[in-house]
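Observations on the model geometry
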Amino acid sequence: MKLFHSISDFSCKSKTIVTIGTFDGVHIGHKKILEKITVAAHDSNFESLVLTFFPHPRTVLQEGTEMKQLNTIDEKINLLDKLGVDNLVIHPFDKEFSRLTAEDFVKNVLVDKFKVAKIIIGYDHRFGRNRTADIDDLVEFGKKYAFEVEQISVEEINDVSVSSTKIRNALIEGDVTLANSFLDYPYSIRGTVIKGKQLGRTIGFPTANIHIKEDYKLIPKDGVYVVCCQIEASKHYGMMNIGVNPTTDTNNQKQKIEVHLLDFNDDVYEKSITISFLKRIRDEQKFKSVDGLKKQLSQDKIDASTFLNNKITH
């Protein structure tokens, strides 16, 4: 896949089959659209092209809006690459770009720059200044500038019954099982292992503290989860706590992400780690004593191991 960091950087000798969207999550609904453009491009001997934006348009157009994302830019690039997209253009979205009229966007970007032969787009797609143009306008532009428009019908989208918003809401509620079913892959976070207070070691549950640099990445609801961790070339299972450690750290209300790896105790400080969510075990709790916490963590370990044994054997 060829990657371009703005529309002006893009160049291609072939005509293109295009789709446009934020594609946050690259979920099963998105995959239906992406499969259509890759198949159509292959059948026509053209190249497939995805145009997406960063930052999310909503955060630019609605000032003060915090929009947590399912994917970091790097994650989105990797997911689209795996789906066989030929070209990915990530355009910096700003207010100046948002003021481009619909026809200027079609003529200057789709026709002149992308050499569009066909655009495949969702039934509810809106574009141009103030998002005033819709699919009917795009069809008219297609007639004027000689490109095809294929609409993804409401029926096709509803057959999948999934959206990035539904996935975000599921993760905010801690329902990683539902989110994973919509994504068709385990939701994950990626960060660096940093030094913490090492309290876990003192109670027999050493943890790796995770720092995530992308503050726009959505972190699921506080609680305890069964996870799969990729550290360099090796894979390890574990249980993870997201929260404020109310039993052992009563003065600090800052959210922490900590992973206890099962049957693994090597030094992983400063290493990158990708953590995939497999199942939610429980809410974070405040215990009356450290002994109460230790007892619960022992039960969590049993629950995590039971789940993993069932998952691996089936």
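Details of the structure are given in the entry above.
Residues numbered from 1 in each chain as written. Predicted model: local features only at pLDDT ≥ 70, side-chain atom pairs only at ≥ 80, totals over all residues. Heavy atoms only, no water.

**Description of the overall build of the protein**
Counting its regular elements, the protein contains 11 helices and 12 strands. Principal axes of the C-alpha set define a box for the protein whose edges measure 75 × 45 × 35 Å. Counting every position in the protein, which comprises 314 residues, the buried fraction comes to 48%. For the protein, the accessible area works out to roughly 16,200 Å², and carbon and sulfur atoms hold 48% of it. Where the 43 positive side-chain charges of the protein centre and where its 44 negative ones centre are 4 Å apart. (Helix = DSSP H or I, 4+ residues; strand = E, 2+ residues; numbered from the N terminus. Buried < 20%, exposed > 50% of the residue type's maximum accessible area, 1.4 Å probe, protein only. Areas by Shrake-Rupley, 256 points an atom, 1.4 Å probe, with all protein chains shown as cover. Lys, Arg positive; Asp, Glu negative; His and termini not counted. Charge placed at Lys NZ, Arg CZ, Asp CG, Glu CD.)

**Description of the sheet that holds strand β8 (residues 208-211)**
The strand order around the closed barrel formed by 6 strands is β7-β8-β11-β10-β9-β12, and the pairing between neighbours is antiparallel. Strand-to-strand twist of the sheet, defined as the mean angle between neighbouring strand axes without regard to direction, takes the value 45°. Where strand β7 (residues 188-194) lies against strand β12 (residues 272-282), 5 bridges are found, and the strand directions are antiparallel. Pairing of Ile189 across the sheet is with Ile275, part of β12. Helix α9 (residues 176-183) rests against β9 (223-231) and β12 of the sheet, and its axis sits at about 125° to β12. (Pairing = 2+ DSSP bridges. Axes fitted to C-alpha atoms, helices over the stretch in contact; angles between N-to-C directions. Contact = heavy atoms within 4.5 Å.)

**Overview of the nonpolar core**
In this structure, Ile210, Met240 and Ile275 are the most contacted members of the largest nonpolar core, which totals 50 residues. If one sorts the elements of this core by residue count, helix α1 (residues 28-44) sits on top with 5 residues. Setting aside residues up to four positions removed in sequence, Met240 forms contacts with Ile189, Gly223, Val224, Tyr225, Val227, Ile257, Glu258, Val259, Ile275 and Phe277. Formed by 28 residues, the second largest nonpolar core is a distinct cluster that contains Phe4, Val60, Ile119 and Phe127. (Core = buried A, V, L, I, M, F, W, Y, C linked by side-chain atoms within 4.5 Å.)

**Description of the pattern of salt bridges**
Two side chains of opposite charge can pair, provided their charged atoms sit close to one another. Applying the stated criterion across every chain yields a total of 11 salt bridges. Across the pair Asp24 and Arg168 runs a salt bridge whose closest N-O atoms are separated by 2.9 Å. A residue pair is termed long-range when its members are at least 10 positions apart, and Asp24 in the loop between β2 (16-20) and α1 and Arg168 in helix α8 (residues 164-172) qualify at 144 residues. This pair shows no difference in class: Asp24 is buried, exactly as Arg168 is. (Salt bridge = Lys/Arg side-chain N within 4 Å of Asp/Glu carboxyl O.)

**Considering the sheet that holds strand β3 (residues 47-54)**
Across the sheet, which stays open at both edges, the 6 strands sit in the order β1-β4-β3-β2-β5-β6 with parallel pairing between neighbours. Every interior strand has two partners, whereas the edge strands, β1 (2-4) and β6 (148-152), have only one. On average, adjacent strands in this sheet sit at an angle of 20° to one another, irrespective of strand direction. Bridge count for β1 against strand β4 (residues 87-92) is 3 bridges, and the pairing is parallel. For Lys2, the partnering residue across the bridge sits in β4 and is Asn87.

**Looking at the packing of aromatic side chains**
This model, assessed by the stated rule, comprises 10 aromatic pairs. Between Tyr225 and Phe277, the aromatic rings sit 5.1 Å apart at their centres with planes inclined by 90°, giving edge-to-face as the arrangement. Here Tyr225, found in strand β9, pairs with Phe277, found in strand β12; they are 52 residues apart in sequence, far enough to count as distant. Put simply, the rings of Phe53, Phe93, Phe97, Phe105 and Phe127 pair up and form one aromatic cluster. (Phe/Tyr/Trp six-rings, centres within 6.5 Å; stacked < 30°, edge-to-face > 60°.)

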